[in-house]
Amino acid sequence: MLNQYRIPKIYYLCSRKSNKPLTDKLMKVAIVGASGAVGQEFLRILDERNFPMDELLLFGSERSAGRKYNFKGKDIEVKLLKHDDAFKDVDIVFTSAGAGTSKEFAEDITKYGAVMIDNSSAFRMDDDVPLVVPECNAEDALNRPRGIIANPNCTTIMMVVVLQPLEKISHIKRIHVSSYQSASGAGAAAMQELQQQYKEIVETGEVKTIKKFPHQLAYNVIPQIDVFQPNGYTKEEMKMYNETRKIMHTDARCSAMCVRVSSLRSHSESVWIETEEPISVEQAQQAIAEAPGCTLVDDPTTLTYPMPLDTAGKDNVYVGRVRKDLASDKGLTFWLSGDQIRKGAALNAVQIAEYLIKVGNVK
């Protein structure tokens, strides 16, 4: 039964620990949206992983143009993003400036052969744009007719990293997931708003600042992320349905409930799956523990399980509370937590680039 579902063979870059360069060829790299939360994370990750480049360009809007950010001891000024030939000699461009910006500038970015790895929702479901999580489908990145690779939604990325090793044991037919998404998922300004709300509660007893969320987030949970669709699901929830199928090349159906919670950074998810054949808890735990990009943290006897406070700033997706589902003989349920800005965004994009460099698939 399993062989009818394509299981990728390439996983080796996803948990790279070495600081040795991937290649002797040095890249010219650009970041579009350098001043945002994800843009800043790109700078940290490229530095941490000793990404092979000899020049880094930063681009942004009129609001951020002129700012300077230090990278490897050198101050780099953010250039204004505009329609010109600024990307002519660039090899890889990481974009995280919103779907509208990505769509507007995609042709400028890619016309001279640069690989555009886009963190927005602009191209994710386009048939001629691969949607890639390296632990799952790295080789899809090799076929990019438009020169664009899409980075999936953060909640989808973290979930499929854990689903992939379980899919290898038995095909996953159905997925139910509730997400517990931190303020970081709405950007740096949203994180600041949450902190401001708690400050206002302490100082005045009431919240006055509500801009980034539809309701007060401090001391609250909001069962809505993104806009509602005609079927009653939100756009965020439909992303999890559609993106999971595209990334994993699967017919599995995913029903999601996405909730904003008042943690600052790192998303968590409660996941239930039903497989064609039963998977034991021990099988699942072993598969997750051995899978690239996953860390098993699962010991109920010592109250050990992943939490946002512990997973913030970490690269892997952390998994615990693995158990058989009481409602289905072929069901399994587990809890995961991971840093939305790292693996859910910037790190995944950098891992895609590392894979392309490793296999010699950059201009």
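The present account deals with the structure reproduced in this document.

Scoring rules and cut-offs
Residues numbered from 1 in each chain as written. Predicted model: local features only at pLDDT ≥ 70, side-chain atom pairs only at ≥ 80, totals over all residues. Heavy atoms only, no water. Pairing = 2+ DSSP bridges. Helix = DSSP H or I, 4+ residues; strand = E, 2+ residues; numbered from the N terminus. Axes fitted to C-alpha atoms, helices over the stretch in contact; angles between N-to-C directions. Contact = heavy atoms within 4.5 Å. Expected span 1.5 Å × (residues − 1). Buried < 20%, exposed > 50% of the residue type's maximum accessible area, 1.4 Å probe, protein only. Core = buried A, V, L, I, M, F, W, Y, C linked by side-chain atoms within 4.5 Å. Phe/Tyr/Trp six-rings, centres within 6.5 Å; stacked < 30°, edge-to-face > 60°.

**Things to note about the sheet that holds strand β6 (residues 115-118)**
Here is step 1: Strand order in this open sheet of seven strands is β3-β4-β2-β1-β5-β6-β7, and the pairing throughout is mixed. The outermost strands of the open sheet, each flanked by one partner alone, are β3 (68-71) and β7 (148-150). Between one strand and the next, the sheet's axes are offset by a mean angle of 25°, whatever the strand orientation.
Here is step 2: Of the strands in this sheet, β1 (27-32), β5 (92-95), β6 and β7 are in contact with helix α2 (residues 99-110), which crosses β6 at around 155°.

**Describing the sheet that holds strand β9 (residues 253-260)**
Here is step 1: Sheet architecture is open: six strands sit in the order β9-β8-β10-β13-β12-β11, paired in mixed fashion. Of all the strands in the sheet, just β9 and β11 (294-296) have a single pairing partner and so form its edges. Here the average twist between neighbouring strands, direction ignored, is 25°.
Here is step 2: Here three bridges tie β11 to strand β12 (residues 317-324), and the two strands are oriented parallel to one another. Within the sheet, the bridge partner assigned to L296 lies in β12 and is V319.
Here is step 3: Running over the sheet, helix α7 (residues 281-290) touches β11, β12 and β13 (331-338) and is turned about 170° from β12.

**Digging into α2**
Here is step 1: Taking 1.5 Å per residue, 12 residues should reach 16 Å; α2 reaches 16 Å between its end C-alpha atoms and fits that length.
Here is step 2: If you check which residues of α2 are buried, you get S102, F105, A106, D108, I109 and T110.

**Let's talk about the nonpolar core**
Here is step 1: Formed by 54 residues in total, the largest nonpolar core has its most connected members in F87, L163, L166, I175, V271 and F334.
Here is step 2: With eight residues, the top contributor of residues to this core is helix α4 (residues 154-167).
Here is step 3: L166 has contacts with I172, I273, I279, A284, I288, L332 and F334, leaving out every residue within four places of it along the chain.
Here is step 4: Judged by nonpolar contacts, the second largest core, of 47 residues, contains I45, M191, I201 and L356.

**Observations concerning the packing of aromatic side chains**
Here is step 1: Counted by the stated rule, this structure contains five aromatic pairs.
Here is step 2: With a centroid separation of 6.3 Å and an interplanar angle of 75°, the aromatic rings of F51 and F94 are classed as edge-to-face. Of this pair, F51 sits in the loop between α1 (37-48) and β2 (53-60) while F94 sits in strand β5; the two residues are 43 residues apart in sequence, bridging distant segments of the chain. The burial state of F51 is the same as that of F94; both residues are buried.
Here is step 3: A ring pair is formed by Y198 and Y219, whose centres lie 4.9 Å apart and whose planes are at 90°; its orientation type is edge-to-face. Linking Y198 in helix α5 (residues 188-204) with Y219 in the loop between α5 and α6 (235-248), this pair joins segments that are 21 residues apart in sequence.
Here is step 4: On the accessibility criterion, Y198 (23% relative accessible area) is partly exposed.
Here is step 5: Taken together, the aromatic side chains of F42, F51 and F94 make up a single cluster linked through ring pairs.

**Observations regarding the pairing of β1**
Each regular strand carries side chains that alternate between the two faces of the sheet.
Here is step 1: Counting buried positions over the six residues of β1 gives six, a clear majority of the element.
Here is step 2: Residues M27, V29 and I31 of β1 are buried on one face, and the alternating residues K28, A30 and V32, pointing to the opposite face, are buried as well.
Here is step 3: Relative to β2, β1 runs parallel, the two sharing six bridges. Looking across to β2, one finds that A30 is bridged to L57.
Here is step 4: Sheet topology places β1 next to β5; four bridges connect them, and they run parallel. When the bridges of β5 are listed, A30 appears paired with V93.

**Quick notes on α1**
Here is step 1: Over its 12 residues, α1 runs 17 Å from end to end, which matches the ideal 16 Å to within 8%, given 1.5 Å per residue.
Here is step 2: Buried within α1 we find V38, G39, E41, F42, L43, I45 and L46.
Here is step 3: The secondary structure elements touched by the buried residues of α1 are β1, β2, β3, β5 and α9 (342-358).

**A short note on the pairing of strand β8 (residues 172-181)**
Here is step 1: Bridge count for β8 against strand β10 (residues 267-275) is eight bridges, and the pairing is antiparallel. Paired with S178 across the two strands is S270, which belongs to β10.

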